[in-house]
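Each chain, written out:
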Amino acid sequence: MKETLWQKVQFDKYKKLEEDLETDVLVIGGGICGILCAYQLSKKYNVVLVEKNQIASGRTARTTAVITALQDIYYKDLIKRKGKIKAKLYLEANLEAIEEYQTLAVQYDFDFERVSSYKYFKNNEILMKQEYQAITDLGYPVKISDQYALEFEQQAQMNPLLLISCLLPHFKVYEHTEVFDINNQVAYTKEHYIKAKHIIVTTGYPFLKIKGLYPLKLTQKKSYVAVVDQIEAKENFNSIGCFAGDLYFRTYKDKLILGGNDQKTGSYVMGFKPLLQYIEKYYPTHPISYQWVNQDCVSADGLPYIGSYFKHQNVYVATGFNLWGMTGSMIASKLLFDLVERNKNKYEKLFTPQRRSPILPITKNILTAGFNLLLPKKRCTHLGCALFFNEEEQVYECPCHGTKYTKNGEVIFNPASQNKDISE
């Protein structure tokens, strides 16, 4: 995969696990979510973090690092599906996450800045007013910035890898250390084990195939990103559209980061073309310095799964951030700290992985898997679904659960853990 804007940040190299260990807390996964969880818990416990590849080399390296409560989800729809109390809790959880980043920014320099977030509605003023009413009913002072856009003030954005570089010294880290199984508070690699009182899984897609039924509850969505240089913005900001296919934007120094054309992993519709057409129209003389593709897990009801991975053990999971991993990761770090501490947390029931899932998304996931299991194509090493080759990105993609491979068969995005022999 191509280098992204954030990967200019250099980390120390960490050795592979070469012995059996015991620790208070084990965190599996070295992206922003795992790093934040490890940092929070390191304030009170001995923490070990293990990463299959290198720190922040997956989803976190490909994020746009927008930190906002103004997201794809419609609060009016969330109120309808979950009720006003839960919708308000979701809004509050995201706003509190922003304040937690603000607190970190007092101590560390990671290009954190408070900015306004905008949601534009193009020619749909009715929908905008419905969403405005829903948000104001939840008690948040959203603004109508012009005829077709809502504004959340005092949201934020950052450089995620700079933050990670600041937090890494607070706990023990092992790279190139892949965990294959967890049983009775013991995590197993091929050669060693780590025994921990508490284990937290932040691997994007949870790697245990059956436990938690995540193959039924999760899909994966990808998003295309490009970076335009030499921009003089009137204000620093971030913004999203209200419809599928709309572009989203954020500023970073003299750059404009834009993305969009979001679609389910395993499908291909136009790729980077909508982004490049926009740049050609509005910034024809500005150089494009980066292009990349990110992807993330999407839960059945649009809210993250944060809590017990499975019952009767102190094993926890955080996933399903729906490409909003910056606030979701901070929410997870605070909530999981409280779960480890046995403290009450008002967001526990909202995000619990054991909550009831809506039937329609589960049914779609089952039908997609069943259809792709029957196709005569190369097979994913996760659960055997058919693979499709994406010509533009030069990768193989699984439409069932979102595994992505290089054209040589190396896993880029899980849940598959084994590389693929493409010659099969």
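What you see is a predicted model, and the numbers here were worked out from it, not measured in a lab.

## Overview of unusual backbone geometry
Backbone phi values are negative for most residues with the exception of glycine, while trans is the configuration of most peptide bonds.
Logical step 1: For H176, which is not glycine, the phi dihedral falls at a positive 50°.
Logical step 2: Checked against the element boundaries, H176 lands in the loop between β7 (172-174) and β8 (181-183).

## Quick notes on the sheet that holds strand β18 (residues 388-390)
Logical step 1: Pairing in this open sheet of 4 strands is antiparallel, and the strands run β18-β19-β20-β21 from one edge to the other. This sheet does not close on itself; its edge strands, each paired only once, are β18 and β21 (411-413). Geometrically, the sheet is characterised by an average inter-axis angle of 35° between neighbouring strands, direction not taken into account.
Logical step 2: Judged from the 3 bridges that link them, strand β19 (residues 395-397) and strand β20 (residues 404-406) form a sheet pairing that is antiparallel. When the bridges of β20 are listed, V395 appears paired with T406.

## Comments concerning the state of the cysteines
Logical step 1: Here the structure, examined in full by the defined rule, presents 1 disulfide.
Logical step 2: The partner cysteine of C385 in its disulfide is C400, sulfur to sulfur 2.2 Å. Disulfide C385-C400: torsion about the S-S bond near -100°, hence left-handed. Of this pair, C385 sits in the loop between α10 (359-374) and β18 while C400 sits in the loop between β19 and β20, placing them 15 residues apart in sequence. With respect to class, C385 is no different from C400; both count as buried.
Logical step 3: With no disulfide partner, C37 has as its closest neighbouring cysteine sulfur the one in C33, 4.2 Å distant.

## Observations regarding the packing of aromatic side chains
Logical step 1: Evaluated as defined, the whole model comprises 13 aromatic pairs.
Logical step 2: With a centroid separation of 5.1 Å and 75° between ring planes, the pair formed by W6 and Y252 is classed as edge-to-face. Residue W6 is found in the segment before β1 (21-28), and its partner Y252 is found in strand β13 (residues 248-252); the two are separated by 246 residues along the sequence.
Logical step 3: Within the aromatic cluster, the residues linked to one another by ring pairs are Y214, Y305, Y309 and F310.
Logical step 4: Over the face of the ring belonging to F310 we find K211, whose NZ or CZ atom lies 4.6 Å from the ring centre.
Logical step 5: Seen from the ring of Y305, K217 lies directly overhead, with NZ or CZ sitting 4.8 Å from the centre.

Criteria and cut-off values
- Here the residue numbering is sequential within each chain, running from 1 through the sequence in written order.
- Note on the predicted model: pLDDT of at least 70 is required for a residue's local features to be given, and 80 or more for side-chain atom pairs to be given and counted; whole-chain, interface and lining totals, by contrast, use all residues.
- As a rule here, side-chain values cover all heavy atoms of the structure and leave hydrogens and water aside.
- Secondary structure elements are taken from DSSP: a helix is a run of H or I of four residues or more, a strand is a run of E of two residues or more, and numbering for both begins at the N terminus.
- In this description, strands pair whenever DSSP reports at least two bridges between them.
- In this analysis an axis means a line fitted to C-alpha atoms, helices contributing only their contacting stretch, and an angle means the value between N-to-C directions, from 0 to 180 degrees.
- To count as a disulfide, a pair of cysteine sulfur atoms needs to be within 2.5 Å.
- Each residue's exposure class comes from its accessible area (1.4 Å probe, protein chains only) as a fraction of the maximum for that residue type: buried when under 20%, exposed when over 50%, partly exposed otherwise.
- Note on aromatic pairs: the rings of Phe, Tyr and Trp (six-membered ring only in Trp) are paired at centre separations within 6.5 Å, and the planes decide the class, stacked below 30 degrees, edge-to-face beyond 60, tilted for the rest.
- Ring-over charges, as used throughout, are those where CZ of Arg or NZ of Lys falls within 6 Å of the ring centre and within 35 degrees of the ring normal.

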